[in-house]
Amino acid sequence: MTEISIIAVGGYNEMGRNMTAIRVDDRIIILDMGLRLDRVQIHEDVEIDKMHSLELIEMGAIPDDTIMKEINGNVCAIVCTHGHLDHIGAISKLAHRYTAPIIGTPYTAALIQHQIDSERKFGVRNKIIPIEAGGTYQISDDLYIELIRMQHSIVDSIFVAVHTPRGAILYACDFKLDRTPTIGLPPDFDRLRELGKEGVLAMITESTNATRAGKTPSERIAHDMVKDVLLGTEESDVGMIITTFASHIARINSIVHFAKEMDRIPMLLGRSMDRYLTTAKELGYITLPDNVEIYGHRRDVDRALKKIMEKGKDKYLPIVTGHQGEPGAILSRIANGETPYQVESGDRIIFSANVIPTPMTQANRYALETKLKMKGARIYDNVHVSGHAYREDHWELLRLINPEHVIPAHGTLNMHSAYLEMAEDAGYELGHNTHLLRNGEELYIEE
């Protein structure tokens, strides 16, 4: 009998630092190695390259993978579902402990390489293997990995199916069932339907937005919302700044092309904007207009902001980091008067991002908006749609896959509870075929 267990390493008590291990007899596959952003007061432009892994584990910033020492088996592969830091941010700190290749789609693999290249504490020599969505990776005769195309708020996202002698284990973190994406193809529903018919032993799935009723709107809706705010105005000559996730290539692509319609020069500001967009352009995911200006280093960013003030705010559309109010991010520095850019009465600040629901980010965002309003800025909030599935999307996926066992991940206890209640509506039973795991626990999937 093949023995199968699921080890909850990180991301089961909280949002962030996602890491799950699947053990098939003595072979182990690790899924994601992420960072918990709020634990180090981090944002997309902060570097943690000189910090030690044990220090970061102590802070609760990366998964406590010391529990892996107690698991009997060898790690055969590390597979990452997409390029967000809460899924790849700990690779440069932890991957060197495992003699295993790192697998991801081409964009994810490129971002992982960036993480490793900037690491200053550890030498990560794991082989990185880019595999297109739809591809497979063979571990042994009776064990292989399949990458299934999915949509999320970053390009090249996937589900991972681990095919074992007892059936597939589907790792479904993070996702949205977007049938009309603005970049890339819709999720591979045909393959998911086939997988469900073949039989799925267990599904591990995010619970982030399981508390939210209904269905997540398509990115096409966000595209139209951003267009309406940028172009649907008679006050077209005021200063405008828009902020969104640097990794949200589809959203930034929309903004850049709206800038052309506004007859403004799009200006991407911030290290992470530079890294994510330049990589996406090099790999052919987007085509940027010739007049796009990208500045990554702080000195160059300040020079660019000075140029905007000198030549006229109505000629540029700055796209910046800092929508969570992170100290040191560009928008926070603008609000604090630490850059040459002066916010004046009537200037528009557009937040094309949600507030990450942690007390720290909510407080930072409140302080940021208050400072901007005190300078006379008009705030356009939540011009955004989520990259995470709402409750009815979870219902749809659960019915489509019909797994024997379900384990919610990537969320707080409150989020897991909402998911488990939804699963009960679909006929599942807690403790029998739905399971609540906490960080550090191992679940044996019985025959």
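Predicted model, so just to flag it, every value in this text is computed and none were measured.

*Asks:* Describe in detail the sheet that holds strand 17 (residues 378–380), supporting the description with residues and values.
*Replies:* By way of backbone hydrogen bonds, the strands of a sheet pair with one another, either parallel or antiparallel. One open sheet holds the six strands; their spatial order is 14-13-15-12-16-17, and the pairing between them is parallel. Only two strands of the sheet have a single partner each, and these edge strands are strand 14 (293–295) and strand 17. Averaged over all pairs of adjacent strands, the angle between strand axes in this sheet comes to 20°, irrespective of strand direction. Summarising the sheet, strand 16 (residues 348–351) and strand 17 pair through three bridges and their orientation is parallel. Its bridge partner lying in strand 17, I350 is registered against Y380. Helix-sheet contacts for helix 9 (residues 298–311) involve strand 13 (265–269), strand 14 and strand 15 (316–320), and the interaxial angle to strand 13 is about 150°.

*Asks:* Describe the pattern of salt bridges, and please don't skip the residues or the numbers.
*Replies:* If you walk through the whole model with that rule in mind, you get 19 salt bridges. Notably, a salt bridge pairs R23 with E442, separated by 3.4 Å at the nearest N-O pair. Here E442 lies in strand 19 (residues 442–444) and R23 lies in strand 2 (residues 19–24), a separation of 419 residues in the sequence. Residue classification places E442 among the partly exposed positions, given a relative accessible area of 26%. A salt bridge links R191 to E194; the shortest N-O distance between them is 3.2 Å.

*Asks:* Can you tell me about helix 12 (residues 391–401), naming the residues and giving the values?
*Replies:* Buried within helix 12 we find D393, H394, L397, L398 and I401. One face of helix 12 carries all of its buried residues, which in axial projection span an arc of 135°. For helix 12, the elements touching its buried residues are strand 9 (158–164), strand 10 (167–172), helix 5 (189–198), strand 11 (200–206), strand 18 (405–409) and helix 13 (413–425). Just beyond helix 12, the residue with positive phi is N402, at close to 50°.

*Asks:* Could you give an account of the nonpolar core, naming the residues involved and the relevant values?
*Replies:* Counting 65 residues, the largest nonpolar core has I30 and M33 as the members making the most contacts within it. With seven residues, helix 7 (residues 249–261) is the largest single contributor of residues to this core. When residues no more than four places from it in sequence are discounted, the contact partners of M33 are N18, M19, I78, H87, I88, G89, A90, I91, L94, A95 and Y98. By size, the runner-up hydrophobic cluster in this structure holds 31 residues, among which are I22, I129, A202 and I204.

*Asks:* Lay out the environment of I22 with the relevant residues and their values.
*Replies:* Along the polypeptide, I22 turns up in strand 2. With 149 residues separating them along the chain, I22 and Y171 place their C-alpha atoms 9.9 Å apart. What I22 contacts, discounting residues up to four positions off in sequence, is S5, I6, R27, I28, I29, L31, V162, I169 and I204.

*Asks:* Now, about helix 11 (residues 359–374): what can you tell me, with residues and values included?
*Replies:* Structural remark: α-helix, 3.6 residues per turn; residues separated by three or four positions point the same way. Here helix 11 is 16 residues long and its end C-alpha atoms lie 23 Å apart, about the 22 Å a rise of 1.5 Å per residue gives. Turning to helix 11, the residues buried within the fold contact helix 10 (330–335), strand 16 and strand 17. Just downstream of helix 11 lies G376, where phi reads positive at about 100°.

Conventions and cut-offs
- Residues numbered from 1 in each chain as written.
- Predicted model: local features only at pLDDT ≥ 70, side-chain atom pairs only at ≥ 80, totals over all residues.
- Heavy atoms only, no water.
- Pairing = 2+ DSSP bridges.
- Helix = DSSP H or I, 4+ residues; strand = E, 2+ residues; numbered from the N terminus.
- Axes fitted to C-alpha atoms, helices over the stretch in contact; angles between N-to-C directions.
- Contact = heavy atoms within 4.5 Å.
- Salt bridge = Lys/Arg side-chain N within 4 Å of Asp/Glu carboxyl O.
- Buried < 20%, exposed > 50% of the residue type's maximum accessible area, 1.4 Å probe, protein only.
- Arc of directions from axis to C-beta.
- Core = buried A, V, L, I, M, F, W, Y, C linked by side-chain atoms within 4.5 Å.
- Expected span 1.5 Å × (residues − 1).

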